[in-house]
Amino acid sequence: MIFEFPFSIDDTQDLIPPSYLEELSLLQDRITPFSNQVAFNIIEQELGLGIDELFSDISPEPVAAASLGQVYQAIFRPSGQMVAVKVQRPGVLAAISLDSLILRSVAGLVRRARKLNTDLQVVFSTRA
C-alpha cells in the first residue's frame, strides 16, 4: 500500500514530538514537481494512448505536486468533461517500500533500547 508518511504520522503525536511533526509538515510542502515530459510519457504508457488522443486540453504545468505524484487539469476528449489527471512520481513505490522497511527496523531497535511496552513495529506496519 502506498502512503505519505508525514500525513499518516500526523495523528500520532504521542509517538513523535511536535517539533518533529512540524519539520515533516514543512518537508511535504516543499515538493518540487518532476519533469512534465516524464509525466506525460507515464500517462501515455499507462493509458495506451497519446496525450492528444486522450485530452483536448491539459495544463502545461501541474496544478499540484506532492511526494507521491502530481496533478494536471485536463479536458477528457471523449466526454468534454474537466478531469484531474494524477501521475505517480517515478520510483516512489521503491522509495516507500525502503522507507517502510527502515522505519520498522528502527522501531524495533527503539522498542528494545527503551524497553517500551508499545510495539512500534506494529504501529508502523499498520500505517504502511
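Thresholds, definitions, all that
Residues numbered from 1 in each chain as written. Predicted model: local features only at pLDDT ≥ 70, side-chain atom pairs only at ≥ 80, totals over all residues. Heavy atoms only, no water. Helix = DSSP H or I, 4+ residues; strand = E, 2+ residues; numbered from the N terminus. Buried < 20%, exposed > 50% of the residue type's maximum accessible area, 1.4 Å probe, protein only. Contact = heavy atoms within 4.5 Å. Areas by Shrake-Rupley, 256 points an atom, 1.4 Å probe, with all protein chains shown as cover. pLDDT = per-residue confidence, 0-100. Phe/Tyr/Trp six-rings, centres within 6.5 Å; stacked < 30°, edge-to-face > 60°. Pairing = 2+ DSSP bridges.

When helices and strands are tallied, the protein shows 6 helices and 4 strands. Going through the 128 residues of the protein one by one, you find that 30% of them count as buried. Summarising the internal contacts of the protein: among those between residues at least 6 apart in sequence, 40% fall at separations of at least 24. Of the accessible surface of the protein, which amounts to about 8,500 Å², a share of 56% is contributed by carbon and sulfur atoms.

Residues of the protein with pLDDT of at least 70 account for 62%, and the chain-wide mean is 75. Taken together, the stretch residues 1-10 has pLDDT below 50 and engages in 26 contacts with residues farther than four places along the chain or on a different chain.

A separate point is the packing of aromatic side chains. In this structure the tally under the stated criterion is 2 aromatic pairs. Note on Phe-40 and Tyr-72: the rings are 5.1 Å apart at their centroids and 50° apart in plane angle, and the pair reads as tilted. Within this pair, whereas Phe-40 is found in helix α3 (residues 36-47), its partner Tyr-72 is found in strand β3 (residues 69-76), the two being separated by 32 residues in sequence. The two residues Phe-40 and Tyr-72 agree in class, both being buried.

Summarising the sheet, β3 and strand β4 (residues 82-88) pair through 7 bridges and their orientation is antiparallel. Bridge assignment links Gln-73 to a residue of β4, and that residue is Ala-84. Between β3 and β4, which pair antiparallel one after the other, the connecting turn spans 5 residues, and Gly-80 there sits at a positive phi close to 75°.

Bridge count between strand β1 (residues 55-58) and β3: 3 bridges; the pairing is antiparallel. Opposite Phe-55, over in β3, you have Phe-76 as the bridge partner. In the sheet, strand β2 (residues 64-65) pairs with β3 via 2 bridges, with the strands oriented antiparallel. Considered in β3, the bridge of Ala-65 is made with Gln-70. Connecting the antiparallel pair β2 and β3 is a turn made up of 3 residues.

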